[in-house]
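Structural description and commentary
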Amino acid sequence: MKKFLFFLLISFFAFSFLYADEEPEESGADPKKPFRIPDRFFEIGLGANVHFSNNYLTIRQIFSDTIVLDLDDFDKNFNAAFGFGVTPFYFNFDSKKGWGFGLSAGLEAAGVIDISRNLLLFNEVKDDKSSFNGAVFATTEINTFFPVQKFKVSFKPAVYYPIAYFTSDLFYTFSNSSKGTEFNIGYDMYLYTAAPADGSSSGLTATPGFDFSFGLEYPLSKEIGLNEKYSFLDFDVGLDFVNIPVFSSTLRDYSRIYSRMGTNGSIYILGDDNDDAEFISEDITTYGEKIIRFQRPFKVLLWANWRPFFGNQLFTFKPLLGFSVNQIYDDPFSVEAGFNARIDLFNLFITTAGINYTDRTWINSLDFAFNLRAFQFDFGIDMRSQNFIKSWQAGGVGFKTGIRFGW
C-alpha cells in the first residue's frame, strides 16, 4: 500500500512538470493557469455495469442465514429490478475545436418484477394480477457533438437489435364463499426471441430498430452576464432527449409458457359435495408467431452544471429533472430527478456523489475516476431501492467499471 501511494505521488509530480510545459504550447493557455491534465484528443475503452434492487429486503437480510419478515411492512406491492450492461468497444475523438465524434457497441438487459401484496399475504381476492417483464438487446451508437452559435449540440443515432423480450402475468385467486373455497395461482409468460425457440429454424427473424438522442448545452450565466456580477452564479443549462424512436424493432417468434395450480371451481375442503370441482395442476408450453414491437426507454432531461466557486471546475453541482417512458413497465410513464456533486482535482482524481430517482429507483451513488491522460480507470458503486429509506439501507446495489486509453 505504501509503495502504491508513493507511486501515485511521484506520478502526480511527474505529470505536473510535463503538462505545465506542454499545455500553454498546445492551446495558447496562460502560463499562470493552474495545472490541469488536458482532456484526450482520442480514446478507446470498455466498460460494464450490473445492478439489483427491491423495496423490502436489504442485501444484508438476503444473505443472512435466516430471513425474518414483518408482515406489517407489506403495505405495498413487492417491486424489484435488475439489469446489466456491457460495452466491449468504445471510441471517441475530440478535435479540441468544439466538435468530435465517437462510436460504441454494447449489450443491455433489464427486468422488473411487480408482485401484488395480496399474493404476498394470501389475502382473499379474485383475479389479482402481478407482472414480470424484461428485455435484452444489442446496440451500436455513433456519438457526435458540434457548436451551433453559442450552443453545444450533441447528436447520437443508434441501431439496436432485440435479442429477447418477455412479458408475463402472474395471477392469483383465493376466495371463500358458501359454495366453498376457490384457489388459483400461476403465470402466463410470452417469451419473444430473435430466432425460433422450438428449433424449427436457426435463422434470425427479428428486425432492428433505430432511434437517436439529441442534446443542447448553453452557457446561460455567461451569456446574460450573471457570472460577472455574481461570481458564484456560474452555470450552464442543458436539455437532453434520449432514445427518440424513429422506427421500432420487431420480434416475431414466441414461446408461451403457462402454468397453473388450483381448483377448477369451489371446493368444500371438509366435504364431498363439490359438483365435480377438483384440484388440478397444468404446465403448457406452446410456440407460435406474432409480431411485437419493441423500443428502448425514451427520456427527456433538463439539467444544469453549476460552478459556485468563481467558475472553478473544482466543485460542480448538477441538478436534473425530467421524465421517462419505458415499455417494460405496465405503467410506462415515470418522473426522473436527481442532484449530483462533483469534485475535480486537476482532471487527475474525479469523484461524483449523487442522489437520483431513475427508472423508479432511488440511487445513492459514488463514482471515482483516476486519470493519467494516457489511461483512465473508472469505478462506481451505489445503494438503491424503490423505497427511499431502503435505498440507504442497501435494498439493492449497483457496480460499474471501465477503462480508457488514449492521448
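Please read these numbers as outputs of a predicted model, since none were measured by experiment.

Along its length, the protein carries 6 helices and 17 strands. Counting over 407 residues, the protein shows a buried share of 39%. A sequence separation of at least 24 residues applies to 64% of the contacts in the protein between residues at least 6 apart. Within the structure as shown, the protein displays about 23,200 Å² of accessible surface, and the carbon and sulfur contribution to it stands at 64%.

We now examine the packing of aromatic side chains. Two numbers describe a pair of aromatic rings. These are the distance of the centres and the angle of the planes. Tallied over the full model, the rule gives 31 aromatic pairs. Ring geometry for Tyr 160 and Phe 294: centres 6.4 Å apart, planes at 75 degrees, overall edge-to-face. With Tyr 160 in strand β5 (residues 151–177) and Phe 294 in strand β10 (residues 279–294), this pair connects stretches of sequence that are 134 residues apart. You'll find Tyr 160 and Phe 294 in the same group, each marked buried. Three or more aromatic residues link up through ring pairs in this structure, and these residues are Phe 91, Phe 93, Trp 99 and Phe 101. Geometry around Phe 41 places Lys 96 over its ring, the cationic atom sitting 5.2 Å from the centre. If you follow Lys 318 out to its NZ or CZ, it ends over the ring of Trp 303, 4.7 Å from the centre.

What follows is about unusual backbone geometry. In the Ramachandran plot, Asp 127 falls in the positive-phi region, its phi being about 55 degrees despite a non-glycine side chain. On the secondary structure map, Asp 127 appears in strand β4 (residues 125–148). Among the residues examined, Asp 127 registers a relative accessible area of 61% and is labelled exposed. Positive phi, normally seen in glycine, also occurs at Arg 360, with a value near 65 degrees. Tracing the backbone through its elements, the reader meets Arg 360 in the loop between β14 (349–358) and β15 (361–371). Overall, Arg 360 belongs to the buried group, its relative accessible area being 16%.

Moving on, we come to the pairing of strand β7 (residues 209–218). Taken residue by residue, a regular strand's side chains alternate between the two faces of the sheet. Taken together, the 9 bridges between β5 and β7 define a ladder with antiparallel strand orientation. Note on β7: the bridge partner recorded for Phe 155 is Phe 214. Of the strand pairs in this sheet, β7 and strand β8 (residues 234–247) are connected by 8 bridges, and their pairing is antiparallel. Looking at the pairing, Gly 215 lines up with Asp 240 of β8.

With that settled, the discussion passes to the pairing of β15. Of all 11 residues making up β15, 8 are buried, and the element is well covered by its neighbours. Note: β14 against β15, 10 bridges, orientation antiparallel. When the bridges of β15 are listed, Phe 349 appears paired with Phe 370. From the end of β14 to the start of β15, which pair antiparallel, there are 2 residues, and Asp 359 there has a positive phi angle of about 50 degrees.

Together, Val 50, Phe 84, Val 86, Leu 366, Phe 368, Phe 377, Phe 379, Ile 381 and Phe 399 line one region of the surface with nonpolar side chains, adding up to about 720 Å² of accessible area. Counting only elements with at least two residues in the nonpolar patch, the list comes to β2 (78–94), β15 and β16 (375–385). Sorting elements by how many residues they give to the nonpolar patch places β16 first, with 3 residues. Counting through the fold element by element, Val 86 comes out in strand β2. Of the residues examined, Val 86 reaches a relative accessible area of 36% and is grouped as partly exposed.

Another point: the nonpolar core. By size, the foremost hydrophobic cluster in this structure holds 15 residues, and its most contacted members are Ala 135, Tyr 165, Tyr 192, Leu 251, Phe 294 and Ile 328. For this core, the elements supplying multiple residues, two or more each, are β4, β5, β9 (249–263) and β10. Membership of the second largest hydrophobic core comes to 9 residues, among which are Phe 78, Ile 115, Leu 119 and Val 125.

This part covers the environment of His 51. By the element assignment, His 51 lies in strand β1 (residues 42–54). Given the relative accessible area of 23%, His 51 is considered partly exposed. When the C-alpha positions of His 51 and Asp 382 are compared, they lie 8.8 Å apart, and in sequence the two are 331 residues distant. Residue contacts for His 51: discarding those within four places in its chain leaves Ala 81, Phe 82, Gly 83, Arg 384, Val 397 and Gly 398. Within the structure, His 51 has its side chain in polar contact with the side chain of Arg 384 (distance 3.4 Å).

With that out of the way, let us pick up the side chain of Asp 188. Residue position: Asp 188 is located in strand β6 (residues 180–193). You can call Asp 188 buried: its relative accessible area is 17%. Separated by 2.9 Å, the side chains of Asp 188 and Arg 256 make a polar contact. Once residues lying within four places of it in the same chain are set aside, the contact partners of Asp 188 are Thr 167, Ser 168, Asp 169, Phe 171, Arg 256, Ile 257 and Tyr 258.

Procedures and definitions
Along each chain, residue indices are assigned from 1 in the same order as the chain's sequence is written. pLDDT decides what is reported in this predicted model: residues at 70 or higher carry local features, side-chain atom pairs at 80 or more are listed and counted, and totals for whole chains, interfaces and linings draw on all residues regardless. Side-chain numbers here rest on the full set of heavy atoms in the structure, without hydrogens or water. Secondary structure elements follow DSSP: runs of H or I of four or more residues count as helices, runs of E of two or more count as strands, with numbering from the N terminus. Summary of the burial criterion: residues with accessible area below 20% of their type's maximum are buried, those above 50% are exposed, and those between are partly exposed, where the area comes from a 1.4 Å probe applied to protein chains only. Throughout, a contact is declared for two residues whenever any of their heavy atoms are within 4.5 Å. Computed by Shrake-Rupley with a 1.4 Å probe, the accessible areas treat only the displayed protein chains as cover when residues are assessed. When two rings of Phe, Tyr or Trp (its six-membered ring) have centres within 6.5 Å they constitute a pair, described as stacked for plane angles under 30 degrees, edge-to-face for angles over 60, and tilted for the intermediate range. Only lysine NZ and arginine CZ atoms are considered, and such an atom sits over a ring when it is within 6 Å of the ring centre and within 35 degrees of the ring normal. Note: two strands are recorded as paired if DSSP finds a minimum of 2 bridges between them. Patch construction takes residues with relative accessible area above 30% that form no salt bridge. Like charges are linked within 9 Å, and nonpolar side chains (Val, Leu, Ile, Met, Phe, Trp, Tyr) are linked within 5 Å. We define a salt bridge as a side-chain nitrogen of Lys or Arg found within 4 Å of a carboxyl oxygen belonging to Asp or Glu. As used here, the term nonpolar core means buried Ala, Val, Leu, Ile, Met, Phe, Trp, Tyr and Cys residues forming a set that is joined through side-chain atoms within 4.5 Å. Under this definition, polar contacts are N or O atom pairs within 3.5 Å; protein pairs additionally need one hydrogen-donor-capable and one acceptor-capable atom, and for neighbouring residues in sequence, both atoms have to be side-chain atoms.

Spatial relationships are all this shows, so hold off on functional conclusions.
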